[in-house]
Amino acid sequence: RAVLSSQFTVHSSQFSVHSSQFIVLSHQPSAIGHSHQLSAIGFWRPGRLPRVVEVHLAKRAILLLAHGTPETVEQIPEYLRNVVSGRPLPQSVVEEIQHRYSLIGKSPLTDITMELARLVEAELAAGGEKIPVYVGMRNWRPYIPDVVRQMLADGVEEAAVICLAPQNSRTSVGLYRRAVEAEAGTALRIDFTEGWADHPLLAEGFADRLRPLLAEM
């Protein structure tokens, strides 16, 4: 909210006014928790309140990034080509990975990531923020470029992007970020989380899982 004084000065850290033409920008450092960014353009004359002539609400979203996992053993060769960026692998290596994958049936990573997105969206909605949460995978479907294109088609203009690998490295974060930026170009403003391996809530989450086990020892 902004309060206009008798000199038409906006008193708010989120707003700015410039001379006879004012531009109001509601700026937030992160897209998380704020579904829209307000931009208003208007004019004022001495003795009159500003008249807003244009208002734009930028649609925001969250994009979760993960490694991706194939759904069947038969998809392993294609999946591995994505992992190694098309470099050839010995057939014996491919067959060994297929064998190991058949023993577990299927990796739960994609299902867990999709459920996480659903829970984040529900949590935000419970707090009054209707922010869509998308999921993009680097090595399997839904691929990051396809998801970014869908976000743009849905009218998303700003996105908080989080790689679910908390450590920051060239392969864990760098490749994911490049995939997003290559597809987004200048059409999508990105707030990318570089890393969160040392975040206190992550440490607390690990501790919550370990405490019951330690109690049994």
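Residues numbered from 1 in each chain as written. Predicted model: local features only at pLDDT ≥ 70, side-chain atom pairs only at ≥ 80, totals over all residues. Heavy atoms only, no water.

Judged by nonpolar contacts, the single largest core of 18 residues is most densely connected at Leu63, Leu65 and Met151. Of all the secondary-structure elements, those providing two or more residues to this core are strand 3 (51-66), helix 4 (144-153), strand 5 (158-163) and helix 5 (170-184). Look past the residues within four positions of Leu63 in its chain and what remains in contact with it is Tyr134, Val135, Gly136, Val147, Val148, Met151, Ala160, Val161, Ile162 and Val180. Within the second largest apolar cluster, eleven residues are counted, among which are Ile62, Leu124, Val135 and Met137. (Core = buried A, V, L, I, M, F, W, Y, C linked by side-chain atoms within 4.5 Å. Buried < 20%, exposed > 50% of the residue type's maximum accessible area, 1.4 Å probe, protein only. Helix = DSSP H or I, 4+ residues; strand = E, 2+ residues; numbered from the N terminus. Contact = heavy atoms within 4.5 Å.)

By convention here, two paired aromatic rings are described through the distance between centres and the angle between planes. Counted under the stated rule, the structure contains two aromatic pairs. Taken together, a centroid distance of 6.3 Å and an interplanar angle of 70° make the contact between Tyr79 and Trp140 edge-to-face. With Tyr79 in helix 1 (residues 76-83) and Trp140 in the loop between strand 4 (133-137) and helix 4, this pair connects stretches of sequence that are 61 residues apart. Judged by its relative accessible area of 0%, Trp140 falls in the buried class. Where Trp140 meets Tyr143, the ring centres are 6.5 Å apart and the plane angle is 65°; that geometry is what we call edge-to-face. Across the pair, Tyr143 and Trp140 agree in class, each one buried. Taken together, Tyr79, Trp140 and Tyr143 form an aromatic cluster joined through their ring pairs. Arg141 extends its terminal NZ or CZ atom over the ring of Trp140, reaching a point 4.4 Å from the ring centre. (Phe/Tyr/Trp six-rings, centres within 6.5 Å; stacked < 30°, edge-to-face > 60°. Lys NZ or Arg CZ within 6 Å of the ring centre and 35° of its normal.)

Inspection of every chain in the model, using the stated rule, returns twelve salt bridges. When the shortest N-O distance is used, the salt bridge between Glu115 and Arg118 registers 2.7 Å. With Glu115 and Arg118 both in helix 3 (residues 109-126) and three residues apart, this pair spans about one turn of that helix. Looking at Arg118, the relative accessible area reads 47%, which means it is partly exposed. Where Glu204 meets Arg211, a salt bridge forms, and the shortest distance between an N and an O atom there is 3.2 Å. A network of salt bridges, in which partner residues are shared, links Arg60, Glu158 and Arg189. (Salt bridge = Lys/Arg side-chain N within 4 Å of Asp/Glu carboxyl O.)

Any functional reading would require information that these geometric values do not contain.
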